[in-house]
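This is what each chain is made of:
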Amino acid sequence: VKLKTGTQQNSLDPVFHSFLAFPFYPPETDALHLKIIDKDFSSRNDDIGIAEIPFKDLCSRIGDEVTLDIQLEKKLKSVDGGKPSITIRLVKLESTVEPQKITKEFFVIRHGESIWNEKQASKDIVGMVRKYDHELTKLGIEQAQMFNERWSNIANDPKLQNDYDLQAFLSASAIFASPLTRATQTALLTCKGHPFFTLSESPLVLLRNLRECKNFGSFDTVGKYVGAGIEQNVKEKLTRDLKEDVAGDLLRVQIDPYDAVDSWWNPLQQEESDEDIHRRFTKLWAFLRYGTQASTAILVGHSHFFRHMCKEHVSPEFRQAEPEFTKNLDKHKLDNAGCLRITVEWDTANDPMDHPVIHSARLVFDSKLVKG
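Summarised in this report is the structure supplied together with it.

Helix and strand counts for the chain stand at 13 helices and 14 strands. Over its C-alpha atoms, taken along the principal directions, the chain stretches across nearly 60 × 50 × 40 Å. For the chain, contacts bridging at least 24 residues in sequence account for 72% of all contacts bridging at least 6. Accessible surface, the chain as shown: approximately 19700 Å² in total, 49% of it carbon and sulfur. Each charge class in the chain can be summarised by its mean position, and for the 48 positive and 55 negative side chains these summaries are 4 Å apart.

As a further point, take the nonpolar core. By size, the foremost hydrophobic cluster in this structure holds 41 residues, and its most contacted members are F147, F169, L188, L189, L204, I298 and F365. The element contributing the most residues to this core is helix α4 (residues 138-155), with five residues. Residue contacts for I298: discarding those within four places in its chain leaves F107, I109, F169, A172, A174, I175, F176, C191 and H194. In terms of nonpolar packing, the next biggest core, distinct from the first, is built from 39 residues, F106, A297, M309 and M353 among them.

A contiguous nonpolar surface patch, about 430 Å² in accessible area, is contributed by V1, L3, L20, F22 and F24. Tracing the backbone through its elements, the reader meets F24 in the segment before β1 (31-38).

This part takes up the sheet that holds strand β4 (residues 71-72). The strands that make up a sheet pair up through hydrogen bonds in the backbone, lying either parallel or antiparallel. Taken in spatial order, the three strands of this open sheet run β1-β2-β4, and their pairing is antiparallel. Bordering the open sheet on either side are β1 and β4, each of which pairs with just one other strand. With eight bridges connecting them, β1 and strand β2 (residues 46-54) associate as antiparallel partners. Across the sheet, residue L32 finds its bridge partner in β2, namely I53.

Before going further, it helps to spend a moment on the packing of helix α10 (residues 274-291) against helix α11 (residues 303-313). Where α10 contacts α11, the two axes come as close as 11 Å, and the packing angle between them is 85°. Of the possible angle classes, the one that applies to α10 and α11 is roughly perpendicular. Residues D274, I277, H278, R280, F281, L284 and W285 of α10 form the contact with α11, whose participating residues are F305, H308, M309, E312 and H313. Here the residues of the contact of α10 with α11 are counted per class, giving six nonpolar, three polar and three charged.

What counts, and at which threshold
For every chain, the first residue of the written sequence is number 1, and numbering continues from 1 onward in sequence order. Per-residue local features of the predicted model are confined to residues with pLDDT of at least 70, and side-chain atom pairs are confined, for both listing and counting, to 80 or more; whole-chain, interface and lining totals are unaffected and use all residues. The side-chain figures draw on all heavy atoms in the structure; neither hydrogens nor water molecules are used. Helix and strand assignments follow DSSP, with helices taken as H or I runs no shorter than four residues and strands as E runs no shorter than two, numbered in order from the N terminus. The contact criterion used throughout is that any non-hydrogen atoms of two residues lie within 4.5 Å. Accessible areas in this description were obtained via Shrake-Rupley with a 1.4 Å probe; residue shielding takes into account the shown protein chains only. Two residue types count as positive, namely Lys and Arg, and two as negative, namely Asp and Glu; His and chain ends fall outside the count. Each charge is placed at NZ for Lys, CZ for Arg, CG for Asp and CD for Glu. By nonpolar core we mean a set of buried residues, namely Ala, Val, Leu, Ile, Met, Phe, Trp, Tyr and Cys, connected to one another through side-chain atoms within 4.5 Å. Each residue's exposure class comes from its accessible area (1.4 Å probe, protein chains only) as a fraction of the maximum for that residue type: buried when under 20%, exposed when over 50%, partly exposed otherwise. Without a salt bridge and with relative accessible area above 30%, a residue can belong to a patch; like charges are then joined within 9 Å and nonpolar side chains (Val, Leu, Ile, Met, Phe, Trp, Tyr) within 5 Å. When a carboxyl oxygen of Asp or Glu lies within 4 Å of a side-chain nitrogen of Lys or Arg, that pair is called a salt bridge. Only strands that DSSP links by at least two bridges are regarded as paired with each other. Every angle, taken between N-to-C directions, lies between 0 and 180 degrees, and every axis is a line fitted to C-alpha atoms, over only the stretch in contact when it is a helix. Orientation is classified from the angle alone, with under 35 degrees giving roughly parallel, over 145 giving roughly antiparallel, 65 to 115 giving roughly perpendicular, and any other angle giving oblique. When residues are grouped by polarity, Ala, Val, Leu, Ile, Met, Phe, Trp, Tyr, Cys and Pro land in nonpolar, Asp, Glu, Lys and Arg in charged, and all others, Gly among them, in polar.

Right, dumping it as structure tokens:
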């Protein structure tokens, strides 16, 4: 069986964070063979080296990081003279003898109005292409704060504290966001005061595969910052635009760049095809299934990406039960700082890398769909 990670661009120290699942339970006599390749778009790919470990050795260290030396191709040598390596981890072993369903819930939140959205509405082409990775406008900040106010008001009302959607929202044990500035800002603003941040003091985690779908020439989908630079940029902009006491609460939340530590975006001239986006969903769903223990999580991202999610994954049964609503999910988009609650299900009888289906979806906290 051959499985392949995504490509990490222009990095001598790439971080893949890819979850790859075998469609069978390997015998102990098998070995995991890793081949590292330098991918070229204009010429033939170059082999860098190989690493290998017996599967029985990997089984004895489930959950632990295992670092393997890379045996370089004869013509190659390390830049710094050191021994190159690759680190892997066997997450878990899952029996396929008794098929079962794995169900998780996600609260999908679209970012507030960005400078790109504002300039696009006014047909200000110069303003749209003047910069990359547009941040929130003043209105976008207010939209995110109003969303936060809506769920906070329900939580503070003794008569509404047992609200079905609120309880599920507050139970989220992970919050993930796109590394694009507007989405990371929105995650901090909409989830201010959420128990995940206030009680566990856990970080906001960025996922490159939550970024917006890339059209040709869309400046707002091209990133500018990586690693710790993302947190610094986001917090500088929030400090600039918010009152000191409000910004202070947000600045205390740590941001984990996770797999956004190198060039996580597509170049300006490159457009993503439906197949490219499908592959991105494969990686995202694999992470949400295997890479987090959270059964309920919050995902903060973008309108076209979430619309694509619904188009591709809503189950036939839910489409039949809610034809008008699912049709609107296909053609409309979440309003700025709007939220959609979805329930997804994986069937363990299928390929372990298969996408789940969305069995239910509902707009929550007075959110709505808009044309566009």
